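Structure assessment
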Amino acid sequence: MLYEGSMSFWQKLFSNEQHNEHKNQIACVENDFSCKTNEQLLEALSKATDEEFIIGIKKVLVSRGYSRKELNELQHLPLQ
């Protein structure tokens, strides 16, 4: 039983690390793209294939007044 408890601890730790890494990558994308124009962001969004890029770009556009519905109509992943 002690072994099973240790496994769940390590699994949780690894899961949290992956989640934090994912959030950090999104934050980096937001920071990198915050100086771009809306047109540049929309163009980058239309070409993006990486989940972190898509989410980060969408977050910047939402902060600039675009609706989630508008952005989701571009057939990309929804904001998380």
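Fair warning: this is a prediction, and the values are worked out from it, not measured in the lab. (Residues numbered from 1 in each chain as written. Predicted model: local features only at pLDDT ≥ 70, side-chain atom pairs only at ≥ 80, totals over all residues. Heavy atoms only, no water.)

**Overview of the overall build of the protein chain**
To keep it simple, the criterion reads: Secondary structure elements follow DSSP: runs of H or I of four or more residues count as helices, runs of E of two or more count as strands, with numbering from the N terminus. Using a 1.4 Å probe on the protein chains alone, a residue whose accessible area is under 20% of its type maximum counts as buried, one over 50% counts as exposed, and one in between counts as partly exposed. The criterion used for residue contact is that any of the two residues' heavy atoms lie within 4.5 Å. All accessible areas in this document rest on Shrake-Rupley with a 1.4 Å probe, and a residue is counted as covered only by the protein chains that are shown.
Helix and strand counts for the protein chain stand at 4 helices and 0 strands. Along the protein chain, from the amino end to the carboxyl end, the secondary structure elements read α-α-α-α. Buried residues in the protein chain amount to 22% of all 80 residues. Taking contacts inside the protein chain between residues at least 6 apart in sequence as the whole, the part at least 24 apart equals 53%. Accessible surface for the protein chain amounts to roughly 6,000 Å². Of this, 53% is attributable to carbon and sulfur atoms.

**Quick word on a nonpolar patch on the surface**
Stated precisely, the cut-off is as follows: Patch rule: a residue counts if its relative accessible area is over 30% and it has no salt bridge; like charges are joined within 9 Å, and nonpolar side chains (Val, Leu, Ile, Met, Phe, Trp, Tyr) within 5 Å. Basic side-chain nitrogens of Lys or Arg form a salt bridge, by our definition, when they fall within 4 Å of a carboxyl oxygen of Asp or Glu.
Together, Phe9, Trp10 and Leu13 make up an exposed nonpolar region whose accessible area comes to about 330 Å². Secondary-structure assignment places Trp10 in helix α1 (residues 2–33).

**Notes on the packing of helix α2 (residues 38–47) against helix α3 (residues 51–63)**
We apply this condition: In this description, a line fitted to the C-alpha atoms serves as the axis of each element, helices being fitted only across the stretch in contact, and the angle between N-to-C directions of two axes falls anywhere from 0 to 180 degrees. Reported orientations rely on four angle classes, namely roughly parallel under 35 degrees, roughly antiparallel over 145, roughly perpendicular from 65 to 115, and oblique for the rest. Should the near helix be turned anticlockwise from the far one by less than a right angle, the crossing is termed left-handed; should it be turned clockwise, right-handed. Amino acids are sorted into nonpolar (Ala, Val, Leu, Ile, Met, Phe, Trp, Tyr, Cys and Pro), charged (Asp, Glu, Lys and Arg) and polar (every other residue, Gly among them).
Here α2 crosses α3 at 155°, and the two axes come no closer than 10 Å. Taken together, the axes of α2 and α3 are roughly antiparallel relative to one another. Crossing hand, α2 versus α3: left-handed. Across the interface between the two elements, Asn38, Leu41, Leu42, Ala44 and Leu45 from α2 touch Ile54, Ile57, Lys58, Val60 and Leu61 from α3. Residues that form the contact of α2 with α3 fall into these classes: 8 nonpolar, 1 polar and 1 charged.

**Let's talk about α3**
Put simply, the rule is: Expected helix span is given by 1.5 Å per residue-to-residue step, counting one fewer step than there are residues. In protein, a polar contact requires one atom able to donate a hydrogen and another able to accept it; more generally it is a pair of N or O atoms within 3.5 Å, and residues adjacent in sequence count only if both atoms are side-chain atoms.
With 13 residues, α3 ought to run about 18 Å at 1.5 Å a step, and its terminal C-alpha atoms sit 18 Å apart, in line with that. Turning to α3, its buried residues number three or more, namely Glu52, Ile54, Ile55, Gly56, Ile57, Lys58, Val60 and Leu61. Capping of α3 at its N-terminal end is provided by Asp50; its side-chain oxygen lies 3.2 Å from the backbone amide nitrogen of Glu52. Just downstream of α3, Gly65 is the residue with a positive phi angle, here 110°.

**Looking at the packing of aromatic side chains**
Selection rule: Any two of the Phe, Tyr and Trp rings considered here, Trp counted by its six-membered ring, make a pair once their centres fall within 6.5 Å; the pair's planes then place it as stacked at under 30 degrees, edge-to-face at over 60, or tilted in between.
Counting across every chain of the model gives 1 aromatic pair. Ring centres of Phe33 and Phe53 lie 6.1 Å apart, and the angle between their planes is 80°; on these two criteria the pair is classed as edge-to-face. Linking Phe33 in helix α1 with Phe53 in helix α3, this pair joins segments that are 20 residues apart in sequence. Residue classification places Phe33 among the buried residues on the basis of a relative accessible area of 16%.

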